[in-house]
Amino acid sequence: MSAKTDYSKLRRVGLGIRRVSVTPENGNEVQPVLIALGVENRRASVARSVGSFPKCSDAARRRVLGTGALVLLSHKHDIKQFRQTCLEVGLTVSDRYAASEDLHAEKASGHLPANMSYGELLAWLRQWRR
Amino acid sequence: MEALMATVVALDASPLNLLHSLRGTIVDARIAYPDVLHVEVRDAHGDLWRLVTQDAYWSPADPARLVGRSIDQADIDRQTGELRCRLSDGTVLDVKPAAVEAKDDPPNWELISPAGLVLEFGPGMRWRIGGADDAASAQR
């Protein structure tokens, strides 16, 4: 990954980078770490594409950036959706904490699809609550 | 006397007081759904604090690097809104708020205290204190 990539653009367009590693020894450089997304081998191209992006809607970005970036873009959406579904199921904050860990573990074990719809998430949470 | 006690409790539960109470050994740190960071901290009384990132980036990226270290001090950068937890080995657990995109953006992070309080921070320089056993909120 080029140290000259302007990552500030990534942040300006509000992309859902899953993890960012800040390395003070490199001055102000911020290195996106996309390990959880499974796109680390493509991160340079994603960063370049995103770097030239104008401010636009998530849907528009997804259309242009394609599948790899689709996952990259969805973090804020995923958080909103998870919080909303927890609210709908009536979970407490403590419940949500526990459900978040259990859902992550179940996804990691391959028993659930990588991207779950609102309905699927709702169904899983209802089952979890029981 | 009762009114005085209530005042003292309320003051102790101010956001910064609560945040400054986050001190102790990181006993667990892991990724949870949807790719958020969960950090569990055991304080000097043996009680468990839980820090949960939401709409935020964090560093170091690998949660395993946090386990076994202690949080010596936790504070908010008033300019950037970053949560900075100074660790016993001299490094910093840094939680940086994501860019605000919409009014219904979720908080940047939550801190669940052993007493059952939840401190939510963000989006923007906003705090909210609620109960961990209250219904979860979708936004703030």
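Refer to the preceding data block for the structure.
Residues numbered from 1 in each chain as written. Chains lettered and ligands numbered in written order. Predicted model: local features only at pLDDT ≥ 70, side-chain atom pairs only at ≥ 80, totals over all residues. Heavy atoms only, no water.

Trainee: Is there a simple way to think about the overall build of chain B in this case?
Mentor: The helix and strand tally for chain B stands at two helices and 10 strands. Secondary structure elements in chain B, listed N-terminal to C-terminal, are α-α-β-β-β-β-β-β-β-β-β-β. For chain B, the proportion of its 140 residues judged to be buried stands at 50%. Partitioning the contacts of chain B with sequence separation of at least 6, the portion at a separation of at least 24 is 47%. A total accessible area of about 6400 Å² is found for chain B, and carbon and sulfur atoms account for 51% of it. (Helix = DSSP H or I, 4+ residues; strand = E, 2+ residues; numbered from the N terminus. Buried < 20%, exposed > 50% of the residue type's maximum accessible area, 1.4 Å probe, protein only. Contact = heavy atoms within 4.5 Å. Areas by Shrake-Rupley, 256 points an atom, 1.4 Å probe, with all protein chains shown as cover.)

Trainee: I keep staring at helix H5 (residues 75-89) of chain A and nothing clicks. Help me out?
Mentor: Along an α-helix, residues three or four apart share an orientation, since each turn contains 3.6 residues. Residue and element names in this part refer to chain A. When the terminal C-alpha atoms of H5 are compared, their 21 Å separation across 15 residues agrees well with the 21 Å that a helix rising 1.5 Å per residue should span. Buried within H5 we find His75, Lys76, Asp78, Ile79, Gln81, Phe82, Arg83, Thr85, Cys86 and Val89. Backbone geometry just after H5 places Gly90 at a positive phi near 90 degrees. (Expected span 1.5 Å × (residues − 1).)

Trainee: Is there a simple way to think about the sheet that holds strand E5 (residues 70-76) of chain B in this case?
Mentor: What holds strands together in a sheet is hydrogen bonding between their backbones, with the strands either parallel or antiparallel. In spatial order, the strands read E4-E7-E6-E5-E1-E2-E3-E8-E9-E10 (chain B); together these 10 strands make up an open sheet with antiparallel pairing. Only two strands of the sheet have a single neighbouring strand rather than two, namely strand E4 (56-59) and strand E10 (127-131) of chain B. Taking each pair of neighbouring strands and ignoring which way they run, the sheet shows an average axis angle of 25 degrees. Strand direction decides the pairing type here: strand E1 (residues 24-32) of chain B and strand E2 (residues 36-42) of chain B, joined by seven bridges, are antiparallel. The residue of E2(B) that forms the bridge with Thr25(B) is Arg42(B). Strand contacts of helix H6 (residues 93-108) of chain A: E1, E2, strand E3 (48-53), strand E8 (109-112), strand E9 (117-121) and E10 of chain B, with the helix running at about 60 degrees to E1(B), the strand carrying the most contacts. (Pairing = 2+ DSSP bridges. Axes fitted to C-alpha atoms, helices over the stretch in contact; angles between N-to-C directions.)

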